[in-house]
Amino acid sequence: MDVDCQPEESVTSSFEEDCVVLGSVKDMSLEAEAVVKDVLFAVDEMHVSQSLNSASDVAYINVETREGNRYCLELTEAGLRVVGYAFNQVDEDLNTQYHETVYSLLDKLSPGYREAFGNALLQRLERLKQNGQ
C-alpha cells in the first residue's frame, strides 16, 4: 500500500498520514477512520457510520458537536460536507458546501470545537515551552 501525502501539504496530521490509495482512488473508509481519530477530542461523539453503505469513494461520519447538534457527514475526494442533521441520515435534497478539511467544517459548525481545538493547541505550546526550558 502506498501512502498518499502531497509534499505541498503543510499541515501534518494523522488524517493525512493515514491516506491510503487503492489504485488511483483513496479508500474513504480508512480516511473516515483517520478523520474521527484526529478530532474526536474536540466533539462529544464521532464515528464512522456502520448503517450507511460506504464504498471506496465515499464514507459517512456521524458527529455530535459540543453544542449537542448531530450531523451526518459525507467524505469523498471532493472533501467533507453535511448531508443530514441526524445520525445515519442522508437528505438527497440538501446541497451543502464541501470543505477541504474536517477542521474547517467543524470550525464552521461548532464554536465548542473551535474552543477545544484552541485549548489543545495552547496546552501543546505550553508543553513545548516547558520542555524547551
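For the structure itself, consult the block above.
About the thresholds
- Residues numbered from 1 in each chain as written.
- Predicted model: local features only at pLDDT ≥ 70, side-chain atom pairs only at ≥ 80, totals over all residues.
- Heavy atoms only, no water.
- Core = buried A, V, L, I, M, F, W, Y, C linked by side-chain atoms within 4.5 Å.
- Buried < 20%, exposed > 50% of the residue type's maximum accessible area, 1.4 Å probe, protein only.
- Helix = DSSP H or I, 4+ residues; strand = E, 2+ residues; numbered from the N terminus.
- Contact = heavy atoms within 4.5 Å.
- Salt bridge = Lys/Arg side-chain N within 4 Å of Asp/Glu carboxyl O.
- Pairing = 2+ DSSP bridges.
- Axes fitted to C-alpha atoms, helices over the stretch in contact; angles between N-to-C directions.

Trainee: Explain the nonpolar core here, please?
Mentor: Across soluble globular proteins, you tend to see nonpolar side chains buried next to one another. Grouped together as the largest cluster of nonpolar side chains are 25 residues, with contacts concentrated most on Met46, Ile61, Leu73 and Val102. Elements with a minimum of two residues in this core: helix H2 (28–39), strand S4 (45–48), strand S5 (59–64), strand S6 (70–76), strand S7 (79–84), helix H3 (102–109) and helix H4 (111–132). Beyond its immediate stretch of four places on either side in the chain, Leu73 contacts Met46, Ala59, Tyr60, Ile61, Val63, Leu80, Arg81, Val82, Val83 and Leu105.

Trainee: Would you mind going over the pattern of salt bridges with me for this structure?
Mentor: Any two side chains of opposite charge can pair, on the condition that their charged atoms come close. Following the criterion strictly, the structure yields four salt bridges and no others. The residue Glu45 makes a salt bridge to Arg70 at a minimum N-O spacing of 4.0 Å. A residue pair is termed long-range when its members are at least 10 positions apart, and Glu45 in strand S4 and Arg70 in strand S6 qualify at 25 residues. Look at Arg70 and you get partly exposed, because its relative accessible area is 38%. With a shortest N-O distance of 3.1 Å, Glu64 and Arg70 are connected by a salt bridge. The structure contains a network of salt bridges with shared partners spanning Glu45, Glu64 and Arg70.

Trainee: How should I be thinking about the sheet that holds S5 in this particular structure?
Mentor: Think of a sheet as strands paired side by side through backbone hydrogen bonds, with each pair either parallel or antiparallel. Taken in spatial order, the four strands of this open sheet run S4-S5-S6-S7, and their pairing is antiparallel. Pairing within the sheet leaves two strands with one partner each, and these edge strands are S4 and S7. Adjacent strand axes in the sheet meet at a mean angle of 25°, parallel and antiparallel pairs treated alike. Relative to S5, S4 runs antiparallel, the two being bridged by four bridges. By the bridge assignment for S5, Glu45 is matched with Glu64. Along the sheet, H2 makes contact with S4, S5 and S6, crossing S4 at roughly 165°. Contacts between H3 and the sheet are confined to S4, S5, S6 and S7, with S7 contributing the most and set at about 40° to the helix.

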